[in-house]
Amino acid sequence: MSQSDITIRQARPTLDEGLKFASYMNSASNGGFAKLFGKRFEEIISNAYLEPNHDLSYETALFAEVDGTIVGMISGYTAEQYQAFSKDVVKRFAGRSKLRIALIYAMIAPMMRFLHTYDDGDFYVEFLAVDEAQRGQGIGSKLLQALEDRARATQSTQFAIDVAAHNKVARRLYERHGFAMVARWPRTRIVSPNILRMTKPLSLRTQGSTSDAVN
Ligand SMILES: CC(C)(COP(=O)(O)OP(=O)(O)OC[C@H]1O[C@@H](n2cnc3c(N)ncnc32)[C@H](O)[C@@H]1OP(=O)(O)O)[C@@H](O)C(=O)NCCC(=O)NCCS
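Residues numbered from 1 in each chain as written. Predicted model: local features only at pLDDT ≥ 70, side-chain atom pairs only at ≥ 80, totals over all residues. Heavy atoms only, no water.

Chemist: What is the right way to read the nonpolar core from this model?
Modeler: Judged by nonpolar contacts, the single largest core of 28 residues is most densely connected at Ile74, Ile139, Leu143, Phe159 and Tyr174. Of all the elements in the fold, those that place two or more residues in this core are β1 (6-10), β2 (61-66), β3 (69-78), β4 (122-130), α8 (139-153), β5 (158-164), α9 (168-176) and β7 (195-201). For this core, the element with the highest residue contribution is α8, accounting for six residues. Sequence-distant contacts of Tyr174, that is, excluding residues within four places in its chain, are made with Leu128, Leu144, Ile161, Val163, Phe179 and Met198. Of all hydrophobic cores here, the second largest spans 25 residues; its members include Tyr24, Phe37, Phe127 and Ala129. (Core = buried A, V, L, I, M, F, W, Y, C linked by side-chain atoms within 4.5 Å. Buried < 20%, exposed > 50% of the residue type's maximum accessible area, 1.4 Å probe, protein only. Helix = DSSP H or I, 4+ residues; strand = E, 2+ residues; numbered from the N terminus. Contact = heavy atoms within 4.5 Å.)

Chemist: What am I meant to see in the site of the ligand here?
Modeler: Close to the ligand lie 21 residues; Leu128, Gly136, Gly138, Gly140 and Asn167 are nearest. Contact distances for the ligand include 3.1 Å between an oxygen atom and a backbone N or O atom of Gln137. At 2.9 Å, a backbone N or O of Ser141 approaches an oxygen atom of the ligand. When isolated, the ligand has an accessible area of 940 Å², and the protein chains bury 73% of it. Looking at the shell around the ligand, the elements with two or more residues in it are α1 (15-28), β4, α8, β5 and α9. Top element by residues in the shell around the ligand is α9. It accounts for six residues. Along the lines of polarity and charge, the residues of the shell around the ligand split into ten nonpolar, seven polar and four charged. (Near = heavy atom within 4 Å. Polar contact = N/O pair within 3.5 Å; in protein donor to acceptor, adjacent residues only side chain to side chain. Areas by Shrake-Rupley, 256 points an atom, 1.4 Å probe, with all protein chains shown as cover. Nonpolar A, V, L, I, M, F, W, Y, C, P; charged D, E, K, R; others polar.)

Chemist: Would you mind showing me how to read the sheet that holds β4 here?
Modeler: Two modes of strand pairing occur in sheets, parallel and antiparallel, and in both the strands are linked by backbone hydrogen bonds. What the seven strands build is an open sheet, ordered β1-β2-β3-β4-β5-β7-β6; its pairing is mixed. Of all the strands in the sheet, the pair left with one neighbour each is β1 and β6 (180-185). Averaged over all pairs of adjacent strands, the angle between strand axes in this sheet comes to 25°, irrespective of strand direction. Direction of pairing for β1 relative to β2: antiparallel, over a ladder of five bridges. Note on β2: the bridge partner recorded for Ile8 is Ala64. Each of β1, β2, β3 and β4 is contacted by α1, which is oriented at about 75° to β3, the strand it contacts most. Sheet strands in contact with α9 are β4, β5 and β7, and its direction is about 165° off that of β5. (Pairing = 2+ DSSP bridges. Axes fitted to C-alpha atoms, helices over the stretch in contact; angles between N-to-C directions.)

Chemist: Is there a simple way to think about the pairing of β3 in this case?
Modeler: In regular strands, side chains alternate between the two faces of the sheet. Burial within β3 is extensive, with nine of its ten residues counted as buried. Taken together, the six bridges between β2 and β3 define a ladder with antiparallel strand orientation. When the sheet's bridge partners are listed, Ala61 is paired in β3 with Ser75. Linkage of β2 to β3, two consecutive antiparallel strands, is achieved through a turn of two residues, within which Asp67 is found at a positive phi near 50°. Direction of pairing for β3 relative to β4: antiparallel, over a ladder of seven bridges. Across the sheet, residue Gly72 finds its bridge partner in β4, namely Val130.

Written as structure tokens, this is what we have:
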């Protein structure tokens, strides 16, 4: 497959695309979100996705397509957008899962604080995932490049991402795109880190820093 066979486009507010978003979100977290939200995970996320102005909204996401089929997704937002985002959309759709989600969030609060700390000027990559059968063909790279273009258009000064320390494939991809590790969680050096914050100054243009406009 050549790079020109891959199309990147803005996500649309439909339930089908919301289900895709939920599935890629879960893949990007290595199954973590399905555990967090429980059995109603897809229903909660796909409904929240349809709403504007929050971090899991269709507004934040781009899809990659090959021959008209969605094969991958990336999402992200600026630090400023995050401040203005509504924080209760998921709660509204959580219904009877609300208590379960609140309890688990309380347990993982220190990690969530690390994940949701942004510097002024940051454009944060929230989720990136590609269908397993389509990996290793440049789709992840093209999605990352398209979101970087979006970040530059918002005058952001830094691209930021959190990655599981054991996720060597993703770390290599980000390093190739010019990201470097700047922080780790847990912060203590007594234990190995679970999560790494990687950033890239947007003044830096890396190899392949030319992308087609998003459709
Ligand atoms: C991480 C992930 C998104 C990468 O997506 P991808 O589409 O495979 O990414 P790319 O194809 O652009 O790059 C992956 C590798 O394929 C290679 N590659 C890219 N284009 C290629 C092509 N046309 N032919 C052969 N190899 C190619 C790249 O050089 C890269 O190699 P590297 O691992 O040695 O750096 C994907 O593995 C994934 O969805 N993983 C599960 C979810 C996840 O971990 N998300 C990240 C959370 S932070």
